[in-house]
Amino acid sequence: MKYSEIAHFSHPQHKLRFECSEFPFKCDGCKEVGIGSRYKCSVCDFDLHMHCAIPSPTISHSFYTKCSFQFLSRPPDNRPRFCNACERDVTGFLYHCRDCGFDLHPCCAKLPMVLDDGEIKLYLYRKVSASCQKCGRKGRSWSYRSSCQKYNLHVACVKDMLVENWQGYLGEKSARKFDTRLPSLKNTLLAHNKSKSKSKKGWEMAGLALQFAISAVLGDPTALIAGVIGSMISKA
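Conventions used here
Residues numbered from 1 in each chain as written. Predicted model: local features only at pLDDT ≥ 70, side-chain atom pairs only at ≥ 80, totals over all residues. Heavy atoms only, no water. Helix = DSSP H or I, 4+ residues; strand = E, 2+ residues; numbered from the N terminus. Buried < 20%, exposed > 50% of the residue type's maximum accessible area, 1.4 Å probe, protein only. Contact = heavy atoms within 4.5 Å. Pairing = 2+ DSSP bridges. Disulfide = S-S within 2.5 Å.

K.L.:
Help me understand the environment of tyrosine 123, please; the structure alone is not making it clear to me.
P.N.:
Mapping tyrosine 123 onto the fold places it in strand S10 (residues 121–125). The class for tyrosine 123 is partly exposed, based on a relative accessible area of 28%. Residues tyrosine 123 and serine 143 lie 20 residues apart in sequence; the distance between their C-alpha atoms is 8.1 Å. The contact partners of tyrosine 123, leaving out residues within four places of it in the chain, are Met113, Val114, Ser143, Tyr144, Arg145 and Ser147.

K.L.:
Help me understand the sheet that holds strand S2 (residues 16–26) in this model?
P.N.:
As summarised here, the arrangement of the 4 strands in space is S1-S2-S3-S4, forming an open sheet in which the pairing is antiparallel. Every interior strand has two partners, whereas the edge strands, strand S1 (5–6) and strand S4 (46–49), have only one. Both S2 and strand S3 (residues 33–41) contribute to a ladder of 7 bridges, which runs antiparallel. Following the sheet pairing, cysteine 20 is matched in S3 by serine 37.

K.L.:
Is there a simple way to explain the state of the cysteines in this structure?
P.N.:
Put plainly, two cysteines are in a disulfide when a covalent bond ties their sulfur atoms together. Considering all chains together, one arrives at 0 disulfides under this definition. No disulfide involves cysteine 83; its sulfur sits 3.9 Å from the nearest other cysteine sulfur, which is in cysteine 108. We classify cysteine 83 as buried; its relative accessible area is 0%. For the unlinked cysteine cysteine 135, the closest cysteine sulfur is that of cysteine 157, found at 3.6 Å.

Structure below.
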């Protein structure tokens, strides 16, 4: 459910207003990157993903049928913890299974199992045997894989691409203009495939696959933000 304005326990000073922006932000709840829909305090430059702003107290996940995940505002102990979906560090809001010790970032926990716009369909897998188009490795983290099985992207690699490209801006949280372009998709895929014979249609489909995966990982798998990210890819 979406509200135009909310009060949130993590920022009691001011209310947070819903907005949608094409510029990236660092969520002050889970400490992960985001773009698109968010709840923001314009006075304090405080941002929350929608999944962090309006979390579910407890959730289940089809990948972990024996687990019950509880929303926590911080990791439950002082040991380093990582997200079982993307394998990145957990330093803020999370979903935690007390029985199994598994952890999920809120946006990772809510990743759609299927992304489908009628032209290409991506399925979320816990593990796949194929290598990732970004890193060339197998395993590592959850992956989005196309129904044709030609395109495979680790959730972790999608996040790494974004963080690397937006590192300067996210470190400063300023309102200055910055480069929102994503790393070149063509170069990324060429580095893995070692081939320059891929057809234009093939690059377009690969770009679409990446576009959907990025929009989902950022916590906003909507047509609006997918279009924004698609335009970034076309300019890269």
